[in-house]
Each structure stands twice: as C-alpha cells, then as structure tokens.
Amino acid sequence: MRLPAPPRLRPPVPSFNTALATVEADDSVKQTAAAGEVGDFLTARDSGRCAKGVDVPVLSVVGDHDTFFINPADRDRTVAAEPAAYPASPRVDVKVIPDAGHDLALQLNGERTT
C-alpha cells in the first residue's frame, strides 16, 4: 500500500491549469522521496551529465507556466538554450504548450502534448 507524503513534507509543484479533483487523485497515490534522491536528481540535472550522453533525437515538451524547472521571466532564453544541453543528439525539438504548468499529463489541455 502506498501512502502519500504528508503535505508539509511534499515540495510544492505548481499546477497551473489542472482540475482540483485531478490534483487530489494524484496526491492520493504520491510517493515520498528521500532528500538524497532529490539531491542526486538536482546534481545530475544541473551538471548535465545525463543529457550529454543522449545520442538520439530529443523532443522536449514544457508548459509555458512551468515554474518547477523554469523561471517564467527566463522562459524564452531557457527554451532557446535547451538544444545545447544535448550536444550528442542529431536533433532537438522543443515544444512549449500554452496554458500549461509543470505536470503536462495532469493539465486540462494535456491533449496538446501529443
């Protein structure tokens, strides 16, 4: 049985265009993450060591209101810089989904991501 993390321990992940019932359903099955896991993820993400080895075409899809990974004030610069994160990839396409936040699958307009 999976128990959700208590709300005070869960990092806030903004939901921009999501039905409250969807967020509640997602929270009901949410798992906890150890501080070490989060730290390892952030270290890998910030170092770029994972992306540098990707040698296949990449499609990066981000919501235009995703504040989890992107500062909205720097969105255009961040999106423009995304292909450089995958130097071994023969092609990197970046698609920005309008009116969407971080977790695209939970957004009311999630069909725009397909």
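Quick caveat, the model's predicted, so the values are computed rather than measured.

### Considerations on the overall build of the protein
- Check the secondary structure of the protein and you find 3 helices and 2 strands.
- Across the protein, helices and strands are ordered from the amino to the carboxyl terminus as α-α-β-α-β.
- Counting only residues that meet the buried cut, the protein has 23% of its 114 residues in that class.
- Long-range contacts, defined here as pairs at least 24 residues apart, represent 71% of the contacts in the protein between residues at least 6 apart.
- Carbon and sulfur atoms provide 57% of the accessible area of the protein, an area that totals close to 7800 Å².

### Quick notes on unusual backbone geometry
- A positive phi is found at Asp99, a non-glycine position, where the angle reads about 55°.
- Considering the arrangement of structural elements, one finds Asp99 in the segment after β2 (92-97).
- Overall, Asp99 belongs to the partly exposed group, its relative accessible area being 38%.

### A word on the confidence of the model for the protein
- Within the protein, residue pLDDT values average 77, and 76% of them lie at 70 or more.
- At the low end of the mean pLDDT range in the protein sits helix α2 (residues 35-47), at 70; at the high end sits β2, at 91.
- Segment residues 1-12: pLDDT under 50, and 13 contacts once partners within four positions in sequence are set aside and those in other chains are kept.

### Some remarks on the environment of Tyr86
- By the secondary structure assignment, Tyr86 is in the loop between α3 (75-81) and β2.
- With 36 residues separating them along the chain, Tyr86 and Cys50 place their C-alpha atoms 9.0 Å apart.
- Aside from chain neighbours lying at most four places away, what touches Tyr86 is Ala51, Val54, Val58 and Val92.

### Some remarks on the pairing of strand β1 (residues 58-63)
- The sheet contact formed by β1 and β2 spans 6 bridges and is parallel. The partner of Val62 across the bridge, within β2, is Val96.
- In the classification by handedness, the crossover that spans β1, the intervening α3 and the parallel β2 is right-handed.

### Remarks on the side chain of Ser60
- As for its placement among the helices and strands, Ser60 is situated in strand β1.
- There is a polar contact of 3.3 Å between the side chain of Ser60 and the side chain of Glu82.
- Among all residues touching Ser60, those that are not within four sequence positions of it are Glu82, Asp93, Val94 and Lys95.

### Description of the environment of Val79
- Among the secondary structure elements, Val79 is positioned in helix α3.
- On the basis of relative accessibility, which here comes to 18%, the residue Val79 falls in the buried class.
- On a C-alpha basis, the gap between Val79 and Asp93 in space is 9.8 Å, while along the polypeptide they are 14 residues apart.
- Excluding residues that lie within four positions of it along the chain, Val79 makes contacts with Val62, Val94 and Val96.

Thresholds, definitions, all that
- Residues numbered from 1 in each chain as written.
- Predicted model: local features only at pLDDT ≥ 70, side-chain atom pairs only at ≥ 80, totals over all residues.
- Heavy atoms only, no water.
- Helix = DSSP H or I, 4+ residues; strand = E, 2+ residues; numbered from the N terminus.
- Buried < 20%, exposed > 50% of the residue type's maximum accessible area, 1.4 Å probe, protein only.
- Contact = heavy atoms within 4.5 Å.
- Areas by Shrake-Rupley, 256 points an atom, 1.4 Å probe, with all protein chains shown as cover.
- pLDDT = per-residue confidence, 0-100.
- Pairing = 2+ DSSP bridges.
- Right-handed = clockwise from strand over helix to strand, strands pointing away.
- Polar contact = N/O pair within 3.5 Å; in protein donor to acceptor, adjacent residues only side chain to side chain.

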